[in-house]
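This is what each chain is made of:
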Amino acid sequence: MFTRAQPASRFYNPYEELAMQQELQRRRQVEAYLRRQHEAEEIERRRHEYAAAVRAEYERRQRAELERRRQAELQRRRQAHQGRGRHSMYDGGLESLFDGLYGGQSSRQARPWSHMHEAHQPNFTTRKSPAPTPSRDPVSTPVPVSTPVPVPTPTDPKPEEEPQIDTAPSHAAIQSVLSSLTALQSEFTFPTQLDFQPGSSKLAYTPDNAPLHGYEHALTGLLTKLDAVESYGDGEIRRARKEAVKTIEKELERLDEMKLCITTST
């Protein structure tokens, strides 16, 4: 009897899986390194190719410039040589050629021709030019003299009158502050008992001190209103505002003296 072979049981090994993951990660790192190295080599190759192309273009332009200068120099020399050749032929090169061919007769034959040519030349200097006719003096015509026209001088502009500023609202504001001060003085009654902070001469915020705190706060508000009054450069408004400020400050000083008296008495 044959028995069925039992499959071999395979146990799970966590270290083997960890080793496989590490190997896979190492391969990925190697591939990434090779890819970066290949990209760097490709960039370096392109840079060298670009530098070589630029250098070749520069050398080509240099050769073209040298060739152009060489052609210009050859053209200049050719023109100078042709100019010297034409000048030497007319200066005597043709006569030396005739002397060699005809045995020196060209010079003797050329002389009568030159004398004959000089004899037949017309004399243009014997002709007289007509005498210039005297020119008549121009008749002087009288020039009309223009009489100066008097230009009216601009008169000085009248100074613009400054607009009158209405100072009545400022006076009314000062009078309103003084009226408020009078009303506050008539309504205020100094407390018979004051509460001070422990070990200090400052007033505590208690119900007994509330009327005094409110009165001082109202007086400070009146000073703020006086500061907001516009004087518009008017001396009378400035004087009235200054007197009102002094009146309120005297009232505040009177309150401080009364508080000091109560502090010393206690």
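Use the structure listed above.
Residues numbered from 1 in each chain as written. Predicted model: local features only at pLDDT ≥ 70, side-chain atom pairs only at ≥ 80, totals over all residues. Heavy atoms only, no water.

## Concerning the nonpolar core
Point 1. Phe-190, Leu-212, Leu-219, Ile-248 and Leu-255 are the most contacted members of the largest nonpolar core, which totals 19 residues.
Point 2. The set of elements that each furnish at least two residues to this core consists of α3 (168–187), α4 (210–227) and α5 (235–265).
Point 3. It is α4 that contributes the most residues to this core, six residues altogether. (Core = buried A, V, L, I, M, F, W, Y, C linked by side-chain atoms within 4.5 Å. Buried < 20%, exposed > 50% of the residue type's maximum accessible area, 1.4 Å probe, protein only. Helix = DSSP H or I, 4+ residues; strand = E, 2+ residues; numbered from the N terminus.)

## Examining the pattern of salt bridges
Point 1. Applying the stated criterion across every chain, the model contains 16 salt bridges.
Point 2. Connected through salt bridges with shared partners, the residues Glu-42, Arg-45, Arg-46 and Glu-49 form a single ionic network. (Salt bridge = Lys/Arg side-chain N within 4 Å of Asp/Glu carboxyl O.)

## Considerations on α4
Point 1. The end-to-end C-alpha distance of α4, which contains 18 residues, comes to 26 Å, matching closely the 26 Å that a straight helix rising 1.5 Å per residue would cover.
Point 2. Buried residues belonging to α4 abut α3 and α5. (Expected span 1.5 Å × (residues − 1). Contact = heavy atoms within 4.5 Å.)

## Considering the packing of α3 against α5
Point 1. At their nearest, the axes of α3 and α5 sit 10 Å apart, and the two run at 15° to each other. Between α3 and α5, the interaxial angle falls into the category roughly parallel. The handedness of the crossing between α3 and α5 is left-handed. Contacts from Ser-170, His-171, Ile-174, Val-177, Leu-178, Leu-181 and Gln-185 of α3 reach α5 at Glu-236, Ile-237, Ala-240, Arg-241, Ala-244, Thr-247, Ile-248 and Glu-251. (Axes fitted to C-alpha atoms, helices over the stretch in contact; angles between N-to-C directions. Parallel < 35°, antiparallel > 145°, perpendicular 65-115°, else oblique. Left-handed = near helix turned anticlockwise from the far one by under 90°.)

## Details of the packing of aromatic side chains
Point 1. This structure, assessed with the given rule, holds two aromatic pairs.
Point 2. Plain terms: the ring middles of Phe-188 and Phe-190 are 6.2 Å apart, the flat faces sit at 90° to each other, and that makes the pair edge-to-face.
Point 3. Of the residues examined, Phe-190 reaches a relative accessible area of 18% and is grouped as buried.
Point 4. These aromatic residues form a ring-pair network of at least three members: Phe-188, Phe-190 and Tyr-215. (Phe/Tyr/Trp six-rings, centres within 6.5 Å; stacked < 30°, edge-to-face > 60°.)

What is shown is where atoms sit, not what they do.
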